[in-house]
Amino acid sequence: MSKQIYAERLACIQARIAKAQQQRPTNDAEIKLLAVSKTKPAHMVEAYYALGQRAFGENYVQDGIDKIQALEHLSDIEWHFIGPIQSNKTRAIAEHFDWVETVCRAKIAARLHEQRPPHLPPLNVLIQVNISCEPQKAGLLLEDVAAFAAELTQHKRLTLRGLMCIQSADHDEHLSEQFQAMQEAFAALKQQYTSVDTLSMGMSSDLEQAIAHASTQVRIGTDLFGPREK
Ligand SMILES: *Cc1c(COP(=O)(O)O)cnc(C)c1O
């Protein structure tokens, strides 16, 4: 891809975010774009970095670490782990990533806390919520978030930053209700914990709707990096 195509794709997403944000009643929080670079090469990440993009999302531990190491010279880059977490991968995640967005099990939280290296700042974590309540999907039910948050915040090597959800890929007629429920849960959590400032919700097909429901971070892969191989 040419440099101009990267610039156009980034500008297009940024414009959608800015427009959606203007339509919110309060135009307060900054909305972060998480560029989901999973399966894509480090040079593409670097191209977006050169255009000012700083936050990148990875789903696969080794694929992510390869890029983190290749791009170590970009000191202010921010790496988010957004994939399912197996317990034998927690050490690698705790050692290399800045954020983990998919925390939803007590055992995983305890391991990330124990394995976060002392020379690094606490790991930023989001609690993953299963908003569609489909049994095959990862994440906690909203009713279990408060108790899990209370447990997470006992871990001093973790900083609870908020909530994330992955909506169904296919059109879901309940999406608006689900986003509304997330918005309310996020507001409640924010009331309780001063560290909470992030609601990771919305992808390319629904970022406007997510931002209308108080999302502070949208996750975009294909629209920036092109389609992934299956
Ligand atoms: C892959 C992925 C995205 C981005 O998906 P695209 O359809 O490529 O934009 C966002 N969030 C999560 C959790 C993902 O795994």
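To start, this report covers the structure provided alongside it. (Residues numbered from 1 in each chain as written. Predicted model: local features only at pLDDT ≥ 70, side-chain atom pairs only at ≥ 80, totals over all residues. Heavy atoms only, no water.)

1. Side note on the overall build of the chain
Link 1 in the chain: Check the secondary structure of the chain and you find nine helices and eight strands.
Link 2 in the chain: The principal-axis extent of the C-alpha atoms belonging to the chain is close to 50 × 40 × 35 Å.
Link 3 in the chain: For the chain, with 230 residues in total, the buried portion stands at 49%.
Link 4 in the chain: In the chain, the proportion of contacts linking residues at least 24 apart, taken out of those at least 6 apart, comes to 60%. (Helix = DSSP H or I, 4+ residues; strand = E, 2+ residues; numbered from the N terminus. Buried < 20%, exposed > 50% of the residue type's maximum accessible area, 1.4 Å probe, protein only. Contact = heavy atoms within 4.5 Å.)

2. A short note on the packing of aromatic side chains
Link 1 in the chain: In this structure the tally under the stated criterion is four aromatic pairs.
Link 2 in the chain: Aromatic pair tyrosine 48 and phenylalanine 225: ring centres 5.2 Å apart, planes at 70 degrees, arrangement edge-to-face. On the criterion of sequence distance, the pair formed by tyrosine 48 in helix H2 (residues 42-50) and phenylalanine 225 in helix H9 (residues 222-225) is long-range, its members being 177 residues apart. The same class applies to tyrosine 48 and to phenylalanine 225, which are both buried.
Link 3 in the chain: Taken together, a centroid distance of 5.3 Å and an interplanar angle of 75 degrees make the contact between phenylalanine 81 and phenylalanine 97 edge-to-face. (Phe/Tyr/Trp six-rings, centres within 6.5 Å; stacked < 30°, edge-to-face > 60°.)

3. Observations regarding the site of the ligand
Link 1 in the chain: Lining the immediate surroundings of the ligand are Val36, Lys38, Asn59, Ile82, Ile166, Met203, Arg219, Ile220, Gly221, Thr222 and Arg228.
Link 2 in the chain: Within the side chain of lysine 38, a nitrogen or oxygen atom sits 2.7 Å from an oxygen atom of the ligand.
Link 3 in the chain: Glycine 221 places a polar main-chain atom, nitrogen or oxygen, 2.8 Å from an oxygen atom of the ligand.
Link 4 in the chain: Relative to its unbound accessible surface of 390 Å², the ligand loses 85% to contact with the protein. (Near = heavy atom within 4 Å. Polar contact = N/O pair within 3.5 Å; in protein donor to acceptor, adjacent residues only side chain to side chain. Areas by Shrake-Rupley, 256 points an atom, 1.4 Å probe, with all protein chains shown as cover.)

4. Notes on the pairing of strand E8 (residues 217-220)
Link 1 in the chain: Neither face of E8 is exposed, since Gln217 and Arg219 on one face and Val218 and Ile220 on the opposite face are all buried.
Link 2 in the chain: Direction of pairing for strand E1 (residues 32-36) relative to E8: parallel, over a ladder of four bridges. Paired with leucine 33 across the bridge in E8 is valine 218. (Pairing = 2+ DSSP bridges.)

5. A few points about helix H1 (residues 3-22)
Three- or four-residue spacings in an α-helix give side chains the same orientation, since the helix completes a turn every 3.6 residues.
Link 1 in the chain: Helix length check: H1 (20 residues) gives 28 Å between terminal C-alpha atoms against 28 Å at 1.5 Å per residue, within 8%.
Link 2 in the chain: For H1, every residue scored as buried is listed here: Tyr6, Leu10, Ile13, Ile17, Ala20 and Gln21. All buried residues of H1 lie within an arc of 110 degrees about the axis, which places them on one face of the element. Turned more than 90 degrees away from the buried face of H1, the exposed residues are Gln4, Lys19 and Gln22.
Link 3 in the chain: Buried residues belonging to H1 abut E1, H2, helix H8 (207-212), E8 and H9. (Expected span 1.5 Å × (residues − 1). Arc of directions from axis to C-beta.)

6. Here we look at the pairing of strand E6 (residues 158-165)
Link 1 in the chain: Judged by how many residues are buried, E6 sits mostly within the fold: seven of eight residues are covered.
Link 2 in the chain: The pairing of strand E5 (residues 123-129) with E6 spans seven bridges and is parallel. Across the sheet, the residue bridging to valine 129 is cysteine 165, located in E6.
Link 3 in the chain: For the crossover from E5 across helix H6 (residues 145-152) to E6, the handedness is right-handed. (Right-handed = clockwise from strand over helix to strand, strands pointing away.)

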